[in-house]
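Per-entry structural report
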Amino acid sequence: LTWSVYDKATGAEVMGPLPGNSLWAAGMPGSACANNNDGDPITLYDHAAGRWFMSQFALPGPNYTCLAVSQTSDPTGAWYVWEYNYGSLMNDYPKFGVWPDGYYMTVNEFGSGQSATTVFDRTAMLAGDATPGAQYFYIEGVQPSFPQPTNWNGGEPPPAGSPNYNAAFYDDAWGNPADIIQICELSIDWATPGNSAFTCPVDPGDPGYLDLTAIGLSFDSSLCAVGGRDCIPQPNGQYIDSLSNRFMFPMNYRNLMATLGYEVMTVTHSVDVDGSNWGGMRWYELRNTGSGWFVADGGTFAPDSDHRWMGSSAVDMNGNIGLVYSISSDTTFPSVGYTARLATDPAGTMQTEQVLVAGGGSQGSVNRWGDYAAMHMDPDGCTFWGTAEYVATGGAWIWDTYIGAFSMPGCTPPGIGTLEGMVYNAITL
């Protein structure tokens, strides 16, 4: 329900904490998004624009998607704000991705159990347009399992004309012929919306139908039982949500075609490691060398008897992968851990775990756990920024958030130089 701004170099809080609806209260007084602080805030950095994106929802009767974009690179300054009437269905589990032609949102329309995706006109928003366009797609019939959009997480842009990708996984225990990842494509035409299209692979052999069973990466997503949730133990005996039946964070994308010869996306989810309700982090590295997406690598990270879940991953400019997640067990308070792998490490492996912050208590009396962990790349292309929930002192509904950064050996940010010269002619555009 709150947000803050921190100094990257020192960790000092330079603004906040502020109510989640404060941006809309300042920019749209009297609106639904100004009057309601209903939570689930998302913050992304738009690398290409050097701007910040923020969202949350407002749930007064019709439901609203509240969006904001900073007017400059300074998030403590002015913001453009908008609200979109989402109608009678709650726009639950909103997840966002930055793409050159839009800000992409997937939701589970609570009340109907259906999935949908909406694209907002990024160009218009960056310009401060009062009424940026949006295009909505009902996708339950072709991708019903909590899909996630793709987030362009810095570096070179996707190839011109690339669609945004929606990803979901399907467990063979749900009646599917195999454990799969389904990569759907969403192409947007703002000039002629009728040309926009959402397409999904439906059969083995279709591009984007990634058969994990066939390549030895089958999984069991039922940490409790099919549809169950509270299976992660704590020292106080209270179990908390695993939310293992869905991806929990968008696929982070990087275009490494010019340097390494491929585009790459990373994504994670929680799995039962051995059939005993032991939670581990499953991760995937998806690549496209020009002929379609395939699973280049993947594995399950479960280095000891503790449970790991609620993760997120990203990839740096050298193709190294970072992973952040929550940790808990009947002897370990809910904590935050991270691991990583060099692109040259043996297939299917992650390096030694590091504890970002150790918990000091258990979540009490309720099984709910936060719906978010996040891993993002710094504009330097090398620094991973990870955040996840943990419990500092114990009690109900009081999980905390911790933010940390690390980089991998051999990754050197591009140098910053000075350009000097003489201006011989200037034209005002």
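Cut-offs used in this document
- Residues numbered from 1 in each chain as written.
- Predicted model: local features only at pLDDT ≥ 70, side-chain atom pairs only at ≥ 80, totals over all residues.
- Heavy atoms only, no water.
- Pairing = 2+ DSSP bridges.
- Helix = DSSP H or I, 4+ residues; strand = E, 2+ residues; numbered from the N terminus.
- Axes fitted to C-alpha atoms, helices over the stretch in contact; angles between N-to-C directions.
- Buried < 20%, exposed > 50% of the residue type's maximum accessible area, 1.4 Å probe, protein only.
- Contact = heavy atoms within 4.5 Å.
- Core = buried A, V, L, I, M, F, W, Y, C linked by side-chain atoms within 4.5 Å.
- Salt bridge = Lys/Arg side-chain N within 4 Å of Asp/Glu carboxyl O.
- Disulfide = S-S within 2.5 Å.
- Phe/Tyr/Trp six-rings, centres within 6.5 Å; stacked < 30°, edge-to-face > 60°.

One key point about sheets: their strands pair by backbone hydrogen bonds, in either a parallel or an antiparallel sense. Reading across from one edge, β26-β27-β28 is the order of the three strands in this open sheet, with antiparallel pairing throughout. For this open sheet the edge positions go to β26 (374-377) and β28 (400-406), each flanked by a neighbour on one side alone. Recorded for the sheet is a direction-independent mean angle of 20° between the axes of neighbouring strands. Where strand β27 (residues 384-390) lies against β28, seven bridges are found, and the strand directions are antiparallel. Following the sheet pairing, glutamate 389 is matched in β28 by threonine 401.

Quick look at the environment of proline 147 now. Relative to the helices and strands, proline 147 is located in the loop between β10 (134-138) and β11 (150-152). The class for proline 147 is buried, based on a relative accessible area of 5%. In this view, proline 147 contacts Thr106, Ser115, Ile139, Asn166, Ala167 and Ala168; residues no more than four positions away in its chain are not counted.

What follows is about the sheet that holds strand β9 (residues 114-120). Pairing within the open sheet is antiparallel, and its four strands lie in the order β7-β8-β9-β10. In the strand order of this sheet, the two ends are held by β7 (90-99) and β10, each with one partner. Across the sheet, the axes of successive neighbouring strands diverge by a mean angle of 20°, strand direction being ignored. As judged from the seven bridges shared by strand β8 (residues 102-110) and β9, these two strands associate in the antiparallel manner. The residue of β9 that forms the bridge with threonine 106 is threonine 117.

Of the two faces of strand β1 (residues 2-6), only the one carrying Trp3 and Val5 is buried; Thr2, Ser4 and Tyr6 on the other face are not. Inspection of the sheet shows β1 paired to strand β2 (residues 13-19) by four bridges, in the antiparallel sense. Looking at the pairing, threonine 2 lines up with proline 19 of β2. What sits between β1 and β2 in their antiparallel hairpin is a turn of six residues, with glycine 11 showing a positive phi close to 80°.

Turning to the nonpolar core, a few remarks are in order. Core analysis: the biggest nonpolar cluster contains 30 residues, and Ile181, Ile183, Met251, Tyr284 and Leu286 have the highest contact counts within it. Counting residues per element, this core draws most heavily on strand β13 (residues 180-187), which supplies four residues. If we ignore the near neighbours within four places in the chain, the residues touching methionine 251 are Pro149, Thr150, Asn151, Tyr165, Asn166, Ala167, Ile183, Met265, Thr266, Val267 and Leu286. Among the nonpolar cores identified, the runner-up in size contains 18 residues, and Val69, Tyr84, Phe96 and Met125 belong to it.

This part is about the side chain of asparagine 166. Its location among the elements puts asparagine 166 in strand β12 (residues 164-170). Beyond its immediate stretch of four places on either side in the chain, asparagine 166 contacts Thr106, Thr117, Ile139, Gln143, Pro147, Gln148, Pro149, Gln182, Ile183, Cys184, Phe198 and Met251.

Okay, the pattern of salt bridges next. Close approach of charged atoms lets side chains of opposite charge pair. Considering all chains together, one arrives at nine salt bridges under this definition. Note that arginine 287 and glutamate 285 form a salt bridge whose closest N and O atoms lie 2.8 Å from each other. Owing to a relative accessible area of 4%, glutamate 285 belongs among the buried residues under this scheme. Note that arginine 368 and aspartate 371 form a salt bridge whose closest N and O atoms lie 3.0 Å from each other. Per residue, the accessibility class of arginine 368 equals that of aspartate 371, and both read buried. Counted as one network, the salt bridges with shared partners bring together Arg229, Asp241, Arg368 and Asp371.

Let's shift gears to the state of the cysteines. Here the structure, examined in full by the defined rule, presents four disulfides. Each disulfide pairs two cysteine sulfurs, and for cysteine 33 the partner residue is cysteine 66, the sulfurs being separated by 2.0 Å. Measuring handedness by torsion sign, the sulfur bridge of cysteine 33 and cysteine 66 sits at about -85° and is left-handed. On the criterion of sequence distance, the pair formed by cysteine 33 in helix α2 (residues 32-35) and cysteine 66 in strand β5 (residues 63-70) is long-range, its members being 33 residues apart.

What follows concerns the packing of aromatic side chains. For the structure on display, the rule yields 22 aromatic pairs. Aromatic pair phenylalanine 53 and phenylalanine 96: ring centres 5.1 Å apart, planes at 55°, arrangement tilted. Of this pair, phenylalanine 53 sits in strand β4 (residues 51-58) while phenylalanine 96 sits in strand β7; the two residues are 43 residues apart in sequence, bridging distant segments of the chain. As far as the burial class goes, phenylalanine 53 and phenylalanine 96 line up, both buried. Aromatic side chains tyrosine 165 and tryptophan 293 sit 5.5 Å apart centroid to centroid with 75° between the ring planes, which places their arrangement in the edge-to-face category. Linking tyrosine 165 in strand β12 with tryptophan 293 in strand β21 (residues 293-301), this pair joins segments that are 128 residues apart in sequence.

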